[in-house]
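Here is what each chain is made of, one letter per residue.
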Amino acid sequence: MDRRHRLAMALALGHTLLLAAYVLPTGMVPERAHVIGQAYARPLFHQWWGLFAPDPPACSCDWSVPGRIPPGLVRARALNGLCRHAQALSGCGPGADTCVVPVELAAWVEQLTGHSTGGLGLREACLPDRAPQERPVQADRP
Amino acid sequence: MITDRTLLFHRLAHAWVLLALALQLPDADVLWTNEAGRSVLTGTWAAGLLDPYHHLPAGGVYLGNGLLAMLAVGGLFARPSWWRSAILWWLFVAWMNAAWPTSTGGHQLMANLLFWNIGLALPDRSRFLLARTTAFHIVRFQLLLAYLATTLHKLQGHAWLDGSALSQVASDPAWSLGWLAGLPVLARVFTWATLAFQALFPLAVWWPFTRSLFLAGGVVFHVSTGMLLGIPEMGAAFLVAYALWLPEGTARTILEAPRAAVRRLSPTS
């Protein structure tokens with residue numbers, strides 16, 4: 001291996017270590033390294049590898065609208081992604097009677113579901129029995 | 001001189017962009033015309049540069065994606081060029097940030113791969129050798145990091161270790177795995193096999209025999225999860241990254257496969 005090749009390998013390893021500080025579980029990376037990794041990776045090299053991890057979600061997530069949601073692979077995935085995003089918000093967490101979401105998120109869901117007349121709900125079914133529950137969604141208007 | 005596996009990587013990356021565009025096209029009326037709100041770049045120096053549609057009139061995504069599609073088609077046939085690769089990367093990232101709710105880990109992986117593809121497409125001159133070699137190793141390490149990171153995240157929980165993870169996923173109607181919910185033993189085997197594959201991949205690729213075995217297993221794994229979970233872009237992005245781990249001979253065979261197929265089908269042969 002010549003000098004140039006060794007240097008290339010070292011640069012690639014350095015980049016990968018900085019990415020690792022960003023994407024590995026936070027408990028495994030020193031806080032300072034994580035902050036440096038975040039500053040380095042987030043703008044240009046953002047990535048997230050926590051699909052179904054550490055455990056798959058205990059609750060399913062679905063939007064409920066008055067009517068049928070148009071079919072479509074990417075549309076369904078976007079709706080599920082937005083639903084998961086909503087579930088993780090403090091105003092929509094477990095135990096809340098209503099699900100409070102930002103206006104932009106509600107607008108996107110309404111566009112994707114094709115229903116903008118209100119009556120949007122968040123439906124979930126949690127382990128162990130997957131009993132369905134539904135909460136009304138309220139758009140947060142600051 | 002550009003190697004066969006680098007050329008294969010370049011072509012597969014362009015084919016992936018076309019696949020991702022085609023999958024969004026049926027819902028483009030919503031996905032490409034509405035403001036999705038704050039992307040992950042908000043608050044970083046890159047927000048203005050890599051999230052331009054945020055500041056452009058609605059529908060600008062159509063124009064950008066038209067150009068993106070043209071560049072992607074061109075990249076399937078043309079000799080790699082760093083500046084075309086740079087424009088392609090920028091248009092792709094801009095689109096990904098505009099329609100971020102539709103993104104998967106596969107889109108994020110491809111954003112990284114397309115960035116380093118610029119380095120791989122630099123001219124064949126000695127002053128660019130360091131940049132090209134660095135980009136080559138970064139893409140290779142990127143794949144290993146993805147498997148390592150997902151394994152370590154999974155080891156933080158319980159479901160992947162006790163084998164119940166895929167049963168849980170199968171009982172969620174959002175994923176098309178309902179058939180697996182009634183087969184707990186099979187679900188357990190698949191759970192542990194997935195964990196073992198992802199944990200061992202970063203080690204297995206360093207020896208030719210295990211590399212071939214894991215690359216072949218990875219093709220089956222990513223094609224099946226991509227189709228079954230409805231995330232084909234995710235599976236396909238990993239397969240693009242596999243190209244730089246292939247032996248040169250295999251890469252050449254894959255590159256020549258379309259031409260060989262045409263020759264076989266042609267009436268004069």
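Not measured: the values here are computed from a predicted model.

Rules of the game
- Residues numbered from 1 in each chain as written.
- Chains lettered and ligands numbered in written order.
- Predicted model: local features only at pLDDT ≥ 70, side-chain atom pairs only at ≥ 80, totals over all residues.
- Heavy atoms only, no water.
- Buried < 20%, exposed > 50% of the residue type's maximum accessible area, 1.4 Å probe, protein only.
- Helix = DSSP H or I, 4+ residues; strand = E, 2+ residues; numbered from the N terminus.
- Pairing = 2+ DSSP bridges.
- Contact = heavy atoms within 4.5 Å.
- 1 Å grid on protein atoms, 1.4 Å probe; cavity = no way out; pocket = protein on both sides within 12 Å on 5 of 7 lines; lining within 4 Å.
- Points joined across faces, edges and corners; volume = space filled by probe spheres on them.
- Nonpolar A, V, L, I, M, F, W, Y, C, P; charged D, E, K, R; others polar.
- Core = buried A, V, L, I, M, F, W, Y, C linked by side-chain atoms within 4.5 Å.
- Disulfide = S-S within 2.5 Å.
- Salt bridge = Lys/Arg side-chain N within 4 Å of Asp/Glu carboxyl O.

**Student:** Describe the pairing of strand β3 (residues 121–126) of chain A, and please don't skip the residues or the numbers.
**Tutor:** Residue and element names in this part refer to chain A. For β3, the tally of buried residues reaches five of six residues, placing the bulk of the element in the interior. One ladder, built from three bridges, connects strand β1 (residues 62–64) with β3; its direction is antiparallel. Among the inter-strand pairings, Ser64 is bridged to a residue of β3, identified as Gly121. Here six bridges tie β3 to strand β4 (residues 131–140), and the two strands are oriented antiparallel to one another. Across the sheet, the residue bridging to Glu124 is Gln133, located in β4. Between β3 and β4, which pair antiparallel one after the other, the connecting turn spans four residues, and Arg130 there sits at a positive phi close to 55°.

**Student:** Explain the environment of Val240 of chain B to me, and be specific about the residues and the numbers.
**Tutor:** Residues and elements named next belong to chain B. Looking at where Val240 falls in the secondary structure, it is placed in helix α13 (residues 232–242). Judged by relative accessible area, Val240 falls into the buried class, the value being 4%. Between the C-alpha atom of Val240 and that of Arg11, which follows or precedes it by 229 residues, the distance is 8.9 Å. Every residue in contact with Val240, bar those within four places of it in the chain, is listed here: Phe9, Leu12, Ala13, Trp16, Met110 and Leu113.

**Student:** Mind laying out empty space enclosed by the protein, listing which residues take part and the relevant values?
**Tutor:** Residue and element names in this part refer to chain B. Taken as a whole and judged by the stated rule, the model has two cavities of 30 Å³ or more. Considering only enclosed or pocket space, the second largest cavity measures out at about 70 Å³ in volume. Lining the second largest cavity are His10, His14, Leu71, Gly74, Gly75, Ala78, Arg79, Pro80, Ser81, Arg84, Ser85 and Leu88. Contributing elements (two or more residues each) for the lining of the second largest cavity: α1 (4–24), α4 (60–77) and α5 (82–98). Grouping the constituent residues of the lining of the second largest cavity by class yields four nonpolar, six polar and two charged.

**Student:** So what about the nonpolar core? Which residues, and what values?
**Tutor:** With 114 residues, the main nonpolar core has Trp63 and Leu122 of chain A together with Phe92, Trp95, Met110 and Phe201 of chain B as its most contacted residues. For this core, the element with the highest residue contribution is helix α7 (residues 129–155) of chain B, accounting for 12 residues. Ignoring sequence-local partners within four residues, the contact set of Trp95 of chain B consists of Ala20, Leu21, Gln24, Trp32, Tyr53, Val61, Asn65 and Leu68 of chain B.

**Student:** Please give an account of the state of the cysteines that cites residues and values.
**Tutor:** All names here are of chain A. What the rule picks out here adds up to three disulfides over all chains. Covalently, Cys92 is tied to Cys99 through a disulfide, its sulfur atoms 2.0 Å apart. Residues Cys92 and Cys99 are joined through a disulfide that is left-handed, its torsion about the S-S bond being -95°. Each member of the pair Cys92 and Cys99 is classed as buried. If the cysteines joined by disulfides in chain A are listed in sequence order, their pairing comes out as 1-6, 2-3, 4-5.

**Student:** Requested: an account of the pairing of β4 of chain A, with residues and values cited.
**Tutor:** Note that strand β2 (residues 99–102) of chain A and β4 of chain A share four bridges and pair parallel. Within β4 of chain A, the position partnered with Val101 of chain A by the bridge is Ala139 of chain A.

**Student:** So, the pattern of salt bridges: which residues are in play, and what are the values?
**Tutor:** Opposite charge on two side chains permits them to pair, given that their charged atoms come into close proximity. Inspection of every chain in the model, using the stated rule, returns eight salt bridges over all chains. The salt bridge partner of Arg75 of chain A is Asp27 of chain B, with a shortest N-O separation of 3.0 Å. Of this pair, Arg75 of chain A sits in helix α3 (residues 73–87) while Asp27 of chain B sits in the loop between α1 and α2 (28–31), each in a different chain. The same class applies to Arg75 of chain A as to Asp27 of chain B, namely buried. Salt-bridge contacts for Asp172 of chain B lead to Arg84 of chain A; the nearest nitrogen and oxygen are separated by 2.8 Å. Here Arg84 of chain A lies in helix α3 and Asp172 of chain B lies in the loop between α9 (165–170) and α10 (178–181), a pairing that spans two chains.

**Student:** Before we move on, can you summarise unusual backbone geometry with the specific residues and values?
**Tutor:** What you tend to see is this: most non-glycine residues have negative phi, and most peptide bonds are trans. All names here are of chain A. Cis peptide bonds are those with omega within 30 degrees of zero, and the linkage from Ala53 to Pro54 qualifies with 0°. Considering the arrangement of structural elements, one finds Pro54 in the loop between α2 (31–45) and β1. Note the cis peptide between Leu127 and Pro128, where omega equals 10°. Within the element layout of this structure, Pro128 appears in the loop between β3 and β4. You will see that Arg130, though not glycine, has its phi angle at about 55°, which is positive. Residue placement: Arg130 occurs in the loop between β3 and β4.

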